[in-house]
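Below, each chain spelled out in residue letters.
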Amino acid sequence: MEQYQKAARLLDRIERELNSLGLWQSHHPPVQALESQQPFAVDTLEFHQWLQFIMLPRMWALVDSKRPLPEGIAVSPMAAHIYRSELEQYEQLIALIREFDVLLSGTDPLQEDV
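Residues numbered from 1 in each chain as written. Predicted model: local features only at pLDDT ≥ 70, side-chain atom pairs only at ≥ 80, totals over all residues. Heavy atoms only, no water.

### Some words on the pattern of salt bridges
Pairing between side chains of opposite charge can happen when the charged atoms of each approach one another.
Part 1 of the argument: By the definition in use, this model includes three salt bridges.
Part 2 of the argument: Put simply, K6 and E2 hold a salt bridge, and the shortest N to O gap is 3.0 Å. Of this pair, K6 and E2 are both found in helix α1 (residues 2-20), four residues apart, which corresponds to roughly one turn of the helix.
Part 3 of the argument: Classification of K6 as partly exposed rests on a relative accessible area of 34%.
Part 4 of the argument: Across the salt bridge formed by E99 and R13, the nearest N and O atoms sit 4.0 Å from each other. On the criterion of sequence distance, the pair formed by E99 in helix α5 (residues 87-105) and R13 in helix α1 is long-range, its members being 86 residues apart.
Part 5 of the argument: Exposure remark for E99: the relative accessible area of 39% places this residue in the partly exposed category. (Salt bridge = Lys/Arg side-chain N within 4 Å of Asp/Glu carboxyl O. Helix = DSSP H or I, 4+ residues; strand = E, 2+ residues; numbered from the N terminus. Buried < 20%, exposed > 50% of the residue type's maximum accessible area, 1.4 Å probe, protein only.)

Structure below.
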């Protein structure tokens, strides 16, 4: 149960950080963009859109219904890659995503190559 509470807090913090960065959108992308089969929907969405419209709703659905959470999640390496040229600006967002990865996976995907 505690993992669900921690996950909910992190999801809320990720949403707030996206909003504070001005990345939260009030309009949804086209349905076709959300149906991408590519990892992170790289062919149809910006990374922050994937977070807002795909990852966050799916994770909230799992948390709210107390269904099993994924165990092999590694989103923070993609976040670090996407925002590599602006790390200072996106440092908090990357850190929150990394914390979410660690909560679900038990490992830090940004430290695996070290």
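After that view, the rundown keeps rolling.
### Overview of the UniProt feature "domain: YqcC-like" (unreviewed entry) in the protein
Part 1 of the argument: Annotation from UniProt places "domain: YqcC-like" (unreviewed entry) at residues 8-102.
Part 2 of the argument: Within residues 8-102, the helical portion is 62% and the strand portion 0%, while the C-alpha atoms at the span's ends are 14 Å from each other. (UniProt positions renumbered as here; feature names shortened; annotations may be inferred.)

### Thoughts on the nonpolar core
Part 1 of the argument: By size, the foremost hydrophobic cluster in this structure holds 34 residues, and its most contacted members are F47, W50, M55 and F100.
Part 2 of the argument: Of all elements in the fold, only α1, α3 (47-65), α4 (76-82) and α5 reach the threshold of two or more residues within this core.
Part 3 of the argument: Here the element with the most residues in this core is α3; it accounts for nine residues.
Part 4 of the argument: Sequence-distant contacts of W50, that is, excluding residues within four places in its chain, are made with F40, A41, L45, M55 and V75. (Core = buried A, V, L, I, M, F, W, Y, C linked by side-chain atoms within 4.5 Å. Contact = heavy atoms within 4.5 Å.)

### Considering unusual backbone geometry
Excluding glycine, residues mostly have negative phi values, and the peptide bonds linking residues are mostly trans.
Part 1 of the argument: The backbone of F40 sits at a positive phi, close to 60 degrees, despite the residue not being glycine.
Part 2 of the argument: Summarising the element assignment, F40 is placed in the loop between α2 (31-34) and α3.
Part 3 of the argument: Positive phi is not limited to glycine here, since K66 has a value of about 55 degrees.
Part 4 of the argument: Here K66 lies in the loop between α3 and α4.

### Some remarks on the packing of α3 against α5
Part 1 of the argument: Look at α3 against α5: their axes get within 14 Å of each other, and the N-to-C directions meet at 35 degrees. The interaxial crossing formed by α3 with α5 has left-handed handedness. Residues F47, L51, M55 and M59 of α3 touch α5, and the partners they reach there are I97, F100 and L104.
Part 2 of the argument: Of the residues assigned to the contact of α3 with α5, the class counts are seven nonpolar, no polar and no charged. (Axes fitted to C-alpha atoms, helices over the stretch in contact; angles between N-to-C directions. Left-handed = near helix turned anticlockwise from the far one by under 90°. Nonpolar A, V, L, I, M, F, W, Y, C, P; charged D, E, K, R; others polar.)

### Things to note about the environment of Y4
Part 1 of the argument: Looking at the secondary structure, you find Y4 in helix α1.
Part 2 of the argument: With relative accessibility at 15%, the residue Y4 sits in the buried group.
Part 3 of the argument: Residues Y4 and L103, spaced 99 residues apart in sequence, show a C-alpha to C-alpha distance of 9.8 Å.
Part 4 of the argument: Setting aside chain neighbours within four positions, we find Y4 in contact with L62, V63, K66, R67, P68 and L69.
Part 5 of the argument: Of note is the side chain of Y4, whose polar atom sits 3.0 Å from the backbone oxygen of K66. (Polar contact = N/O pair within 3.5 Å; in protein donor to acceptor, adjacent residues only side chain to side chain.)

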